[in-house]
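# A structural walkthrough
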Amino acid sequence: MAETLNILESARLEIKKACNLLKLNPACYDILKDPLRVMETSLPVKMDDGSTKVFKAYRSAHNWALGPCKGGVRFHENVSLDEVKALSMWMSLKAGLLNIPYGGGKGGICTDPSELSDREIENLSRAYIRSIYKYLGERIDIPAPDMNTNGKVMSYFLDEYEKLNGEKQDIGTFTGKPLVLGGSLGRNEATGFGVVVATKFACQKLDINLADAKIGIQGFGNVGSFSLKYLLDNGAKIQYLCIHDRKSPSGLSGLYSKEGFSYEQLSAYYQDHKTLVDFPNAVKISDTKFWSEKFDILIPAAIENSITSEIAKKIQVKLIVEGANGPITPEADEILKDNNVVIIPDILANSGGVLVSYYEWVQNQYGYYWDIKEVQEKQEKDMQTALKRVFETADKYQVSIREAAYITAIKRIDEAMQLRGWY
Ligand code: NAD
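Procedures and definitions
For every chain, the first residue of the written sequence is number 1, and numbering continues from 1 onward in sequence order. Local features in this predicted model are restricted to residues whose pLDDT is 70 or higher, and side-chain atom pairs enter the listing and the counts only when it is 80 or higher, whereas totals over whole chains, interfaces and linings include all residues. Computation of side-chain values: all heavy atoms of the structure, hydrogens and water removed. Working definition: helices are DSSP H or I runs of at least four residues, strands are E runs of at least two. Numbering for both runs from the N terminus. Restricting the calculation to C-alpha atoms gives the radius of gyration, and the globule rule supplies 2.2 Å times the number of residues raised to the power 0.38. For every residue, the accessible area obtained with a 1.4 Å probe (protein chains only) is divided by the maximum for its type, and the residue is called buried under 20%, exposed over 50%, and partly exposed between those limits. Here, residues are in contact when the closest pair of their heavy atoms is within 4.5 Å. Expected span, for any helix, means 1.5 Å times one less than how many residues it has. In short, DSSP must find at least two bridges between two strands for them to pair. Here, axes are lines fitted to C-alpha atoms. For helices the fit covers the stretch in contact, and angles between N-to-C directions go from 0 to 180 degrees. Neighbouring residues are identified by heavy atoms, a residue being near a molecule or strand if any of them is within 4 Å of it. Between N or O atoms, a polar contact is any pair within 3.5 Å; within protein, one atom must be a potential hydrogen donor and the other a potential acceptor, and residues adjacent in sequence are included only when both atoms are from side chains. Per-residue and other accessible areas were derived by the Shrake-Rupley procedure at a 1.4 Å probe size, with only the shown protein chains allowed to occlude residues.

Moving on, we get to the overall build of the protein. Scanning the protein for helices and strands turns up 15 helices and 12 strands. Scaling as 2.2 N^0.38, a compact globule of 423 residues should have a C-alpha radius of gyration of about 22 Å, and the protein matches this with 21 Å. Referenced to the eigenvectors of the C-alpha coordinate spread, the extents of the protein come out at roughly 55 × 55 × 45 Å. The buried share of the protein, reckoned over its 423 residues, is 60%. Pairs at least 24 apart in sequence give 69% of the contacts found in the protein among residues at least 6 apart.

Mapped onto the elements, Ser80 comes out in the loop between strand S3 (69-76) and helix H3 (81-98). Separated by 201 residues in the primary sequence, Ser80 and Asn281 have C-alpha atoms spaced 37 Å apart.

The end-to-end C-alpha separation of helix H4 (residues 118-132) is 22 Å, in line with the 21 Å expected for 15 residues at 1.5 Å each. Restricting attention to buried positions, one finds in H4 the residues Glu120, Ile121, Leu124, Ser125, Arg126, Ala127, Tyr128, Ile129 and Ile132.

Within strand S5 (residues 141-145), five of the five residues are buried, leaving the element largely enclosed by the surrounding structure. Judged from the five bridges that link them, S3 and S5 form a sheet pairing that is parallel. Directly across from Val73, in S5, lies its bridge partner Pro145.

Let us now look at the sheet that holds strand S2 (residues 52-63). As summarised here, the arrangement of the five strands in space is S1-S2-S4-S3-S5, forming an open sheet in which the pairing is mixed. Unpaired on one side and paired on the other, strand S1 (37-46) and S5 mark the two borders of the sheet. Between one strand and the next, the sheet's axes are offset by a mean angle of 20°, whatever the strand orientation. Of the strand pairs in this sheet, S3 and strand S4 (residues 103-110) are connected by six bridges, and their pairing is parallel. Across the sheet, the residue bridging to Arg74 is Gly108, located in S4. Packed onto the sheet, H3 meets S1, S2, S3 and S4 and runs at close to 155° relative to S4.

On to the site of the ligand, then. Of all residues adjacent to the ligand, which total 22 residues, the nearest are Arg74, Thr191, Asn222, Val223 and Asn325. One of the backbone nitrogen or oxygen atoms of Gly221 is found 3.2 Å away from an oxygen atom of the ligand. In the model, an oxygen atom of the ligand is placed 2.9 Å from a nitrogen or oxygen of the Val223 main chain. Relative to its unbound accessible surface of 830 Å², the ligand loses 86% to contact with the protein. Those elements that place two or more of their residues in the shell around the ligand are S3 and helix H7 (222-233).

By themselves, these observations are geometric and do not establish any function.
Structure follows, in structure tokens:
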């Protein structure tokens, strides 16, 4: 059977399964299987050499029954319409799971930003906002960072948006902003922090002692690096990393450190070199060896479809916590389920990003800002509530944690759509 590598198909499969199990009105799936609005734009951008290059860009507003759409914008060479649609669906589900007043949104620009200068990135960011600003707003659709975008890109977005929007300071139109422009403490690290909240919760359920656990992490970007940091803060030791390596045929390599990695050393090296390929304080291993290790906990935190059925057959772990969106194909998911691997799905495990984005938006409305302790205490409490709700649903319906997460989220969106009279 051919592997399902189109994440829109994967997302629809899970949504359909949950709608059928809950015996919902067929209109619910018909609405959820596609975004309510999608924009596809072409962005002509002046390059440093005087030429003009045209970039494809997208913004998907999946569903606004629960509130304004919310979701990141990624800059990546593989961005496609289907990918953006699927990611926006998952954002609706994350908000549904967390009980926050948002629908799902997502955007992307098809580019490899490592080939662009800072000025070209600024021109591209501003062009993106010019093309879609009429459909953005604190109460309409609220972008945030995702792969290869950050607070600096959000600052260009905000500045361009305010110029076009009559200089109104609707700073809650974007989250993941730098602190000085109304960002929230704890937002940058929120997704990794949340991955660790989910990991600790699952460890308790599975009787895994974090301090003795053998742990592997794939990816050392925003999510991977902060997952590693907070795992170390909670007494864990991380000896295995899987990193992006353009020279390896699979695009990946493994790193092993007998004494365990230091967050400070890894991030200092990554900041200077933009890669960990030649990180000196580790032994290089193959990615095949990485995937075959007998981990207690595996955290894929890089890109979608990292774990295909071929890789799933090698995996011998107890717990997978999905830091990335869609890192496991549906076929691999079946194999892992048959092998009794417990999986905390992306829409639950990495929902800390949108949760703290919500806190940032709330703080922007108030003009009053919280300290990091308050942000992280709130995040831990809200995520634990969602985790408990999903584990209870899994027990009630006798389904996997992934299926339970979809059921929990879709129930809430379905109720809102019914109350609005959509069916
Ligand atoms: P990032 O750009 O900071 O890091 C991405 C990581 O993936 C890097 O380590 C990079 O080297 C690696 N990578 C890139 N291309 C790769 C390839 N072809 N093969 C293997 N590795 C590759 O991005 P991030 O923000 O850490 O996002 C990682 C994942 O987490 C994405 O799926 C993203 O959608 C998801 N996510 C991010 C957030 C957030 O707040 N940043 C929130 C929820 C979900």
